[in-house]
Amino acid sequence: MTANVLILCAAGMLVTAYLMVGQKALFTTIRLYGLQSFLLGLVAATIAIAESRHELFITAALTVVLKAILIPWFLMRTVDRIGIHREVEPFLNVPASLLICLGLTVVGYRVSTAFQEGARGVGHHLIGVALSLLLIGLFMMVSRKKAITQILALLTVENAVFLVAVGVTSGMPLIVELGISFDVILAVLVLGVLVQRIVGRFESMDISRLSKLKG
Amino acid sequence: MDLLLWTLTVPLLTAGVGGLGGPRAVKELTMVGGLALTFGLCLAVAGQFLAGSTPATFDDALRVDGLSALVLVLCGFVGLLSGCYGVGYLRRNERRGLVTPRQRREFYGLIPAYVFAMLFVAMSNNLGVLWIAVELTTLASVFLITFHNRDTSLEAAWKFLMLGSLGLAFALLGTVLLFAAGQGALEEGMSALNWTRLVEVAPGMHPFTLRLGVVFALIGYGTKAGLAPMHTWKPDAYREAPSPAVVLMAVGMLNGAMYCILRIHLVSTAALGPDFSAGLLLTLGLLSVLVAVPFILIQWNLKRLLAYSSIEHVGIMAVGVGLGVEAGVFGALLHMTYHSLAKPVALFSAGTLAQLHSSSDFGEIGGGTLGRAPVSSALLVLSAVIITGSPPFGLFFSEMIILRAGFAGTHAIATSVFLAALVALFCGIAFQIGRVVAGPPPAPGTKAPDPERFDIALATASVAAVLAVVSAFYLPGPLVALIRAATAVVWGRP
């Protein structure tokens, strides 16, 4: 039962990542990220219940509150203020992007088989999903032009790292986890401020325009 | 309260006071006084270490061994220099009416905050805390890069933050994987991520997970150090950030990132033997030195030139460690020390020239600065001589030690390439600096730069220059003892 729930949630995270790649409306992409974080929280909560490890509840709560609610809310507010709601044509069209992501998922799963067996027997699936998510996040980062989508790509990579932490280890020490969450929030705030300044200056958040510095 | 906590609290308080409003004199005094006190506390911590104890607190999450003590002292020193120079730097801009109140608050708040984050990095023994501290250095420096609020500074800050955050995500994944590799042997709780604990259980770690973790962590922290091919943020950030902040980046952050790399290297060495991470470091280091060559030859901007020089030097340190012999490690740490003494002089004098000409582009500065700003130009020439590793200055010795270690060991071909790159870099930097200092002066019609005045910034640069020269002939005994202690840590005899 636990294994099924875990695999379902992890697979859900992968699906949200695919949907993010195929999506051009910024609001929907942000909501998909929120859903992905919520599923990550669910993974942590499931493990916490199954193994009655109570400190993982804090991780789960933190993930849901910060990453599924607070960060999406902040990003949506930023998008609203800027008034740019759609991604311009990405460097690569959607079908080609999805095909590449499929390839990346295969790579992620292939690498995951070399890991030591996780305690729960589903370790491989979680690592496979996490590595695929990581690669898809990296791909999104290089294939998208909008500043907000790049932030979302970075946050997807972050989610992948947390999935590894929850799935393979007995959970990071709580203080470290709190510190990391605090830093992530701070980084998103700083990125948001920077995006607003960039839009104020260039009247666009098209990152491909930031190309004056060379050599 | 513990001495270590004081060392962190003082710069943090300084940042808090500086970030609030208040009269200028108070802010200037707070920053210089606070950073001087911080340096004093760093020296005190190092003194405690040399007296035979190992200062530690919070379950050993903060712990100062030889390596930490060396990096701590160097960071504290650079923090103080940067604070003194920063006061003069901002005064010059104030005189030209370029400073808004918000900029003033940002400057006096963020410089000490950056110093705080660097010291936090240097004393972290816990890999999780280490990651948090490195992320703090990134966040503290973003708004220093956008300080001048130009189009290009936003571009530089964006690249810096995206690349830095990505690097840190990799470093976090590396940390998690190291932690995962030790599952079973490691207990629960905070101390499980302690570096000392990880090195203890390293021989029993799962090799594949560990390898993957080491690669991710080295790439991640290598991004912060500016090792090629993850160096691309560096030239942009150096050009845009105000010079006092660049000094913190070029010396403090570089040393801090090197510190992280060495910690990961040591875990890897304990588990997989010396070859795995040393080979990786040798490759990345050699690549950094080689990448710097063409970009220095075609360079169009003084501060970007120094950024590539910085990439070269971090490459030299990585090569020194990557050679896998004790003499190489000693050379690398000696190089770190001498680089920390010499680089501020170069950046201070370049910063002054850039400020007088309102730009750091070669085209805007024009040649023949020796006639317009004699002191800064002379200091720039002197620092160029030092940072290119010319005798009789310190970096020459450290480079010689690394080269000798390389030729004596098993990496003769790599060392030959390394030597050739060093010679090319010497020629490149000499050519570029010569062009600025002695080249043909700009046409008579162009706007005259501000005259060079003797102020606190120039005084700081001169003092730094004196220290850089004196250090070639005399290094204080305790400093040498620290370098030796750090070598012992990196060579696995703590």
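Residues numbered from 1 in each chain as written. Chains lettered and ligands numbered in written order. Predicted model: local features only at pLDDT ≥ 70, side-chain atom pairs only at ≥ 80, totals over all residues. Heavy atoms only, no water.

A few points about the layout of surface pockets
- There is about 670 Å³ of room inside the largest pocket.
- Surrounding the largest pocket, 28 residues form its lining, Q150 and I207 of chain A together with K159, L163 and T232 of chain B being those nearest its centre.
- Elements represented by at least two residues in the lining of the largest pocket include exactly α5 (123-143) of chain A together with α6 (151-181), α9 (233-240) and α12 (302-322) of chain B.
- Broken down by element, the lining of the largest pocket gets its largest block of residues, five residues, from α6 of chain B. (1 Å grid on protein atoms, 1.4 Å probe; cavity = no way out; pocket = protein on both sides within 12 Å on 5 of 7 lines; lining within 4 Å. Points joined across faces, edges and corners; volume = space filled by probe spheres on them. Helix = DSSP H or I, 4+ residues; strand = E, 2+ residues; numbered from the N terminus.)

A short note on the packing of α9 of chain B against helix α10 (residues 243-272) of chain B
Residue and element names in this part refer to chain B.
- Taken N-terminus to C-terminus, the directions of α9 and α10 make an angle of 140 degrees; their axes are 8 Å apart at the nearest point. Taken together, the axes of α9 and α10 are oblique relative to one another. Across the interface between the two elements, W233, K234, A237 and Y238 of α9 pack against V246, M249, A250 and L254 of α10. (Axes fitted to C-alpha atoms, helices over the stretch in contact; angles between N-to-C directions. Parallel < 35°, antiparallel > 145°, perpendicular 65-115°, else oblique. Contact = heavy atoms within 4.5 Å.)

A closer look at empty space enclosed by the protein
- This structure, assessed with the given rule, holds four cavities of 30 Å³ or more.
- Its boundaries defined by the atoms lining it, the largest cavity holds a volume of some 110 Å³.
- Lining the largest cavity we find L154, L155, E158, V184, A187, V188 and L191 of chain A together with W131, E135, S165, L168 and A169 of chain B.
- Listed by contribution, the elements that provide at least two residues to the lining of the largest cavity are α6 (147-168) and α7 (174-202) of chain A together with α5 (127-145) and α6 of chain B.
- In terms of residue class, the lining of the largest cavity is built from nine nonpolar, one polar and two charged. (Nonpolar A, V, L, I, M, F, W, Y, C, P; charged D, E, K, R; others polar.)

Re the interface of chain A and chain B
- Between chain A and chain B, the residue contacts involve 48 residues of the former and 54 residues of the latter.
- Carbon and sulfur atoms supply 74% of the area that chain A and chain B bury against each other, a total of about 4,500 Å² over both sides.
- Between chain A and chain B we count two salt bridges in total.
- Across the salt bridge formed by R197 of chain A and E106 of chain B, the nearest N and O atoms sit 3.5 Å from each other.
- Linking chain A to chain B there are five residue pairs in polar contact (both at pLDDT 80 or more).
- Counting residues per element, the ones that place at least two in the side of chain A that touches chain B are α5, α6 and α7 of chain A.
- Top element by residues in the side of chain A that touches chain B is α7 of chain A. It accounts for 16 residues.
- Class assignment for the residues of the side of chain A that touches chain B results in 32 nonpolar, eight polar and eight charged. (Buried area = accessible area lost by both parts, 1.4 Å probe. Salt bridge = Lys/Arg side-chain N within 4 Å of Asp/Glu carboxyl O. Polar contact = N/O pair within 3.5 Å; in protein donor to acceptor, adjacent residues only side chain to side chain.)

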